[in-house]
Amino acid sequence: MSLNFEFSGEHEGVRDTIRRLCQDELAALVSDAEENEQFPKHVFKRWGELGLLGVRYPEADGGSGLDKISDCIVREELSYMSQAFASTWSAHTHLGIWPIWKAGTAEQKARFLQPALAGEKVAGFGLSEPDGGSNVRAMKTRAERVTGGWRLNGSKLYITNAPFADFLLVAARTKSDLKPESISLFIVELPNKGFDISKLKKEGIRASETALIHIDNAFVPDDCLLGEMEGTYPVILDSLSENRVGVAANALGMARAAFDAAVNYADERIVAGKRVGQYQAIGHKLADMSAQIEATRWLVYYGAWRVDQGTLDAATAARVKLVASETAVAVSEQAIRIFGGAGIMREFPVGRIHRDALVYVIGEGTSEVQRNIIARSLGFKS
Ligand SMILES: Cc1cc2nc3c(=O)[nH]c(=O)nc-3n(C[C@H](O)[C@H](O)[C@H](O)COP(=O)(O)OP(=O)(O)OC[C@H]3O[C@@H](n4cnc5c(N)ncnc54)[C@H](O)[C@@H]3O)c2cc1C
């Protein structure tokens, strides 16, 4: 094994592309989207044209044929601009389609994965339920066999992209027991008569659209059972592990954005004749923030490298996600303190970044759940 602490030329190229897109086209859309709590769906087409939706998928499947490190670079830069845009991207490019790439039939890949990678169809992922968030195994949504397909009944809570998605991957039990083996995934094209989707109002990632879904006797044809097989819970677990590294890269982007804003403010703001960064108390805060970000950066890209090596395990993914998401919360909180009263004003970005960062100590498995996974790997099951 060799240690290389440099990004390749290809990785730097990916960073340039996404940075330019953010600066030249997307940044101008963010404040309206946040204010209206509405994602500009047309952006998907542009992401598709630039190959940014299929970064980590093979070219043979319609992707860009790059790697997880590149995927994390895109996430980091999108989140640096707006976590709401990055969350929308992530729910689509990972949660909504990774299982199709991993376990879908050739027909399902042609029908759903390829148009999703091109930005022609938008995806989302319905796993969480009112009584089954951290405890996925408590999932109640049921799928019953009927002629030609399945009837789904139940509910899904906090589902990103659902208000405008073209299809959702929906987890449901195909047997009446409570075993994980009875959990399967269905590709549900929207609109579906049995899906009642209500958009929720949020404090964080406001421009990302999130919904509560009531599922009432929704018909899903046989060919929309993922992989045309029951019992795809292991695919969900693998997908979540990889995505924990992904959202850690998102958290890194948020932490960097809050830090850069704080450095600029500490440089410009004069109090009692001094730039506030010259006060040792503020300088030390900035020093701690920069050290936390540097440590997080290398942990995140180590996680991405493990994905690329095919050696990521659940405990490593949990460590990466735990550290990065808590860093984003801590750094953005310190940034607000450095801004003083201005940190509470909407005119400056740090308040928004902090609200957004809090979403990621909860979503994709809370910090407590990550600690449970890590403790379990050490032999301590709670
Ligand atoms: C903005 C947003 C977008 C989301 N998008 C999606 C999506 O697209 N698709 C999807 O399926 N889900 C999505 N989620 C759901 C998310 O994954 C859940 O919110 C998360 O898993 C936590 O579940 P919960 O909200 O039910 O919290 P709960 O499970 O009710 O947890 C409440 C508290 O109890 C703690 N707790 C629970 N169990 C344990 C335990 N065993 N040990 C220690 N502490 C515990 C938790 O850590 C937390 O502090 C989204 C959530 C948010 C906020």
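Residues numbered from 1 in each chain as written. Predicted model: local features only at pLDDT ≥ 70, side-chain atom pairs only at ≥ 80, totals over all residues.

A look at the site of the ligand
Okay, step 1: Lining the immediate environment of the ligand, one finds 24 residues, of which Leu 127, Gly 133, Ser 134, Thr 366 and Glu 368 sit closest.
Okay, step 2: The set of elements that each furnish at least two residues to the shell around the ligand consists of α4 (83-95), β1 (123-126), β3 (149-160) and α11 (367-377).
Okay, step 3: Grouping the constituent residues of the shell around the ligand by class yields 10 nonpolar, 11 polar and 3 charged.
Okay, step 4: The two domains that each donate at least three residues to the shell around the ligand are domain 2 (123-231) and domain 3 (234-377). (Near = placed C-beta within 6 Å. Helix = DSSP H or I, 4+ residues; strand = E, 2+ residues; numbered from the N terminus. Nonpolar A, V, L, I, M, F, W, Y, C, P; charged D, E, K, R; others polar. Domains from an automatic or database assignment.)

Focus on unusual backbone geometry
Okay, step 1: In the segment running from Leu 190 into Pro 191, the intervening peptide bond is cis, with an omega of 0°.
Okay, step 2: At Glu 37, a residue that is not glycine, the phi angle is positive and equals roughly 55°.
Okay, step 3: Inspection of the secondary structure assignment puts Glu 37 in the loop between α1 (9-36) and α2 (43-49).
Okay, step 4: Look at Glu 228: it is not a glycine, yet its phi comes out positive at around 50°.
Okay, step 5: Residue position: Glu 228 is located in the loop between β7 (210-221) and α7 (233-268).

Looking at the nonpolar core
Okay, step 1: The biggest cluster of nonpolar side chains holds 116 residues, and the ones touching the most others in it are Phe 186, Val 188, Ala 251, Ala 258, Ala 262, Val 300 and Ala 335.
Okay, step 2: Among the elements that make up this core, the one with the highest residue count is α7 (19 residues).
Okay, step 3: Apart from residues lying up to four places away in sequence, Ala 262 is in contact with Leu 286, Met 289, Ala 335, Ile 338, Phe 339 and Val 350. (Core = buried A, V, L, I, M, F, W, Y, C linked by C-beta atoms within 7 Å. Buried ≥ 20, exposed ≤ 12 C-beta atoms within 10 Å, placed from the backbone. Contact = placed C-beta atoms within 7 Å.)

Thoughts on the domain arrangement of the protein
Okay, step 1: Along its sequence, the protein is carved into domain 1 (9-117), domain 2 (123-231) and domain 3 (234-377).
Okay, step 2: Spacing between the C-alpha centres of domain 1 and domain 3 amounts to 21 Å.
Okay, step 3: Counting residues at the interface gives 22 residues for domain 1 and 23 residues for domain 3.
Okay, step 4: Sorting the residues of the side of domain 1 that touches domain 3 by element identifies α3 (68-81), α4 and α5 (98-103) as the ones contributing at least two each.
Okay, step 5: It is α3 that provides the largest number of residues to the side of domain 1 that touches domain 3, a total of 10 residues.
Okay, step 6: The class makeup of the residues in the side of domain 1 that touches domain 3 is 10 nonpolar, 4 polar and 8 charged.

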